[in-house]
Amino acid sequence: AAAELLERNCDMRVLIMAPTRPLVLQHRASFEKLLEVEEDELVQMTGEVPPDLRQELWSQGRIFFTTPQVVENDIAKGRLTLRDFCLVVFDEAHRAVKDYAYTAIAKHYMEKGIYPLLLGLTASPGGNSERVLEVCEALSIEKIIYRTHEDEDVSPYVHNIETEWREVDLPQQYEGILHLLRRMVEIRVDKLRAFLPTDGVGGPTQYIGKRLLLTLGDRLHEKLDKTPGPQRGPIFGYMMIQSSALSLLHAMELLERQGIRSLMRFLNRLEDEKDDKKAYKNIINDALYPQMYKLVVDNIEVEHPKVEQLKLEIIK
């Protein structure tokens, strides 16, 4: 698509966006390999490039590879307009919801572009049609093309996988850590339940998963939108509580699926970033946190049982 559009419109440009630096580099490498273009026409930029230099680079290349945050910031600061871009690509397009940078960029492009053409790419479009349509609306997408494993242009690249399940019991030391993490989640869910009593946050806490907490987050945002500015303070506090509950669920998932060392790395990250993220600070200040952390440190050598099970399968 980019090659044909650039051939037709020699004075226009193409923008490829991806949410992470490795993906940005991957896209640039693909274009460099597949298209016959001069190397200086391919320009990659991430947040590490100073703003003044980015402004200069925007005027030099033809095909740009960057993160959406860079594009959003440069549009806001007047360093960039998408007026003369004949194609803008949104990789991992399912992120285009709410305040994510993709939505603002798409809006700007539709307003300023001479001949705006948007392409969204994702392997995770959403679990239902409403979610897919939400992304389409955010990006002004009018046509959806999808592929399954059975499609003839996909099936040659999909290999059958035979799965044999092996169940293992978690060590008692892990159960002690999970109990404390679960209790920390319960405390936060109780607070959210009290603040949003009509949202039906019921049932045992061990059955409360990410989807429910994300739904609560959506409803907190809805409540925020309907609340006058001076009265919003408490809502922000509950949004932080919801975010910390999600982080605790992630910690439980790391221990259950990957083992205690993965959990330890995550806890170290909480410590490193607690001054920048209130949700992390909320977790570390929890009265149960020191006890849970000590259990992790004391049992750091206890391997996840699936490692030993894997060794046995390899030997077979």
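I will try to describe carefully the structure that is included in this document. (Residues numbered from 1 in each chain as written. Predicted model: local features only at pLDDT ≥ 70, side-chain atom pairs only at ≥ 80, totals over all residues. Heavy atoms only, no water.)

### With respect to the state of the cysteines
Point 1. Applying the stated criterion to the full structure yields zero disulfides.
Point 2. Unpaired in terms of disulfides, Cys10 finds its nearest cysteine sulfur in Cys86, a separation of 10 Å.
Point 3. A residue is classified by how much of its surface remains accessible, and Cys10, at 63% relative accessible area, is exposed.
Point 4. Judged by its relative accessible area of 3%, Cys86 is buried. (Disulfide = S-S within 2.5 Å. Buried < 20%, exposed > 50% of the residue type's maximum accessible area, 1.4 Å probe, protein only.)

### Comments concerning the packing of aromatic side chains
Point 1. Going through the model one piece at a time under the given rule, you end up with eight aromatic pairs.
Point 2. Ring geometry for Phe266 against Tyr280: centres 6.4 Å apart, planes inclined by 80°, an arrangement best described as edge-to-face. Linking Phe266 in helix H10 (residues 260–273) with Tyr280 in helix H11 (residues 278–284), this pair joins segments that are 14 residues apart in sequence. Like Tyr280, Phe266 is buried.
Point 3. Chaining the aromatic ring pairs together yields one cluster made of Trp58, Phe64 and Phe85. (Phe/Tyr/Trp six-rings, centres within 6.5 Å; stacked < 30°, edge-to-face > 60°. Helix = DSSP H or I, 4+ residues; strand = E, 2+ residues; numbered from the N terminus.)

### Brief notes about the sheet that holds strand S1 (residues 13–17)
Point 1. With respect to topology, five strands assemble into an open sheet ordered S2-S3-S1-S4-S5, the strand pairing being parallel. Each of the sheet's edge strands pairs with one partner strand only, and the pair in question is strand S2 (42–45) and strand S5 (118–121). Taking each pair of neighbouring strands and ignoring which way they run, the sheet shows an average axis angle of 15°.
Point 2. Across four bridges, the pairing between strand S4 (residues 85–91) and S5 is parallel. Among the inter-strand pairings, Val88 is bridged to a residue of S5, identified as Leu118. (Pairing = 2+ DSSP bridges. Axes fitted to C-alpha atoms, helices over the stretch in contact; angles between N-to-C directions.)

### A short note on the pattern of salt bridges
Point 1. Per the stated rule, a full pass over the model turns up 20 salt bridges.
Point 2. The closest approach of N and O atoms between Glu273 and Arg269, which form a salt bridge, is 3.8 Å. With Glu273 and Arg269 both in helix H10, this residue pair falls four residues apart, about one helical turn.
Point 3. When its relative accessible area of 23% is taken as the criterion, Glu273 is described as partly exposed.
Point 4. Each of Arg54, Asp74 and Arg79 takes part in one network of salt bridges that share partners. (Salt bridge = Lys/Arg side-chain N within 4 Å of Asp/Glu carboxyl O.)

### A few points about a negative patch on the surface
Point 1. A contiguous patch of negative charge on the surface is contributed by Glu167, Asp169, Glu175 and Glu256.
Point 2. Take Glu175: it is sitting in helix H7 (residues 172–195). (Patch = residues over 30% accessible without salt bridge, like charges linked within 9 Å, V, L, I, M, F, W, Y side chains within 5 Å. Areas by Shrake-Rupley, 256 points an atom, 1.4 Å probe, with all protein chains shown as cover. Lys, Arg positive; Asp, Glu negative; His and termini not counted. Charge placed at Lys NZ, Arg CZ, Asp CG, Glu CD.)

### Some details on unusual backbone geometry
Point 1. Within the chain, Lys98 stands out as a residue other than glycine whose phi angle is a positive 55°.
Point 2. Checked against the element boundaries, Lys98 lands in the loop between S4 and helix H5 (101–112).
Point 3. Residue classification places Lys98 among the partly exposed positions, given a relative accessible area of 47%.
Point 4. One non-glycine residue, Ser140, lies in the positive phi region at around 55°.
Point 5. Mapped onto the elements, Ser140 comes out in the loop between helix H6 (129–139) and H7.
Point 6. We classify Ser140 as partly exposed; its relative accessible area is 32%.

### Some details on the nonpolar core
Point 1. Among the nonpolar cores identified, the biggest contains 41 residues, and Ile177, Leu181, Leu213, Met292 and Val296 are the most heavily contacted of them.
Point 2. The set of elements that each furnish at least two residues to this core consists of H7, helix H8 (210–226), helix H9 (233–257), H10, H11 and helix H12 (289–298).
Point 3. Ranked by residues supplied to this core, first place goes to H9 with 11 residues.
Point 4. With near-sequence residues (within four places) excluded, Val296 lies in contact with Ile177, Ile260, Leu263, Met264 and Leu267. (Core = buried A, V, L, I, M, F, W, Y, C linked by side-chain atoms within 4.5 Å. Contact = heavy atoms within 4.5 Å.)

### Digging into the side chain of Arg13
Point 1. In this structure, Arg13 sits in strand S1.
Point 2. If sequence neighbours within four positions are ignored, Arg13 has contacts with Leu6, Trp58, Ser59, Gly61, Arg62, Phe64, Thr81, Asp84, Phe85, Cys86 and Leu87.

### Some remarks on the side chain of Asp91
Point 1. By the element assignment, Asp91 lies in strand S4.
Point 2. Here Asp91 is buried and forms no salt bridge, its nearest opposite-charge partner Arg95 lying at an N-O distance of 8.5 Å.
Point 3. Beyond its immediate sequence surroundings of up to four residues, Asp91 is in contact with Met17, Ala18, Pro19, Leu23, His27, Tyr102 and Leu121.

### Structural notes on the environment of Leu254
Point 1. Note that Leu254 resides in helix H9.
Point 2. The buried category is assigned to Leu254, whose relative accessible area is 9%.
Point 3. The sequence separation of Leu254 and Thr227 amounts to 27 residues, and the corresponding C-alpha distance is 36 Å.
Point 4. With near-sequence residues (within four places) excluded, Leu254 lies in contact with Gly259, Ser262, Leu263 and Phe266.

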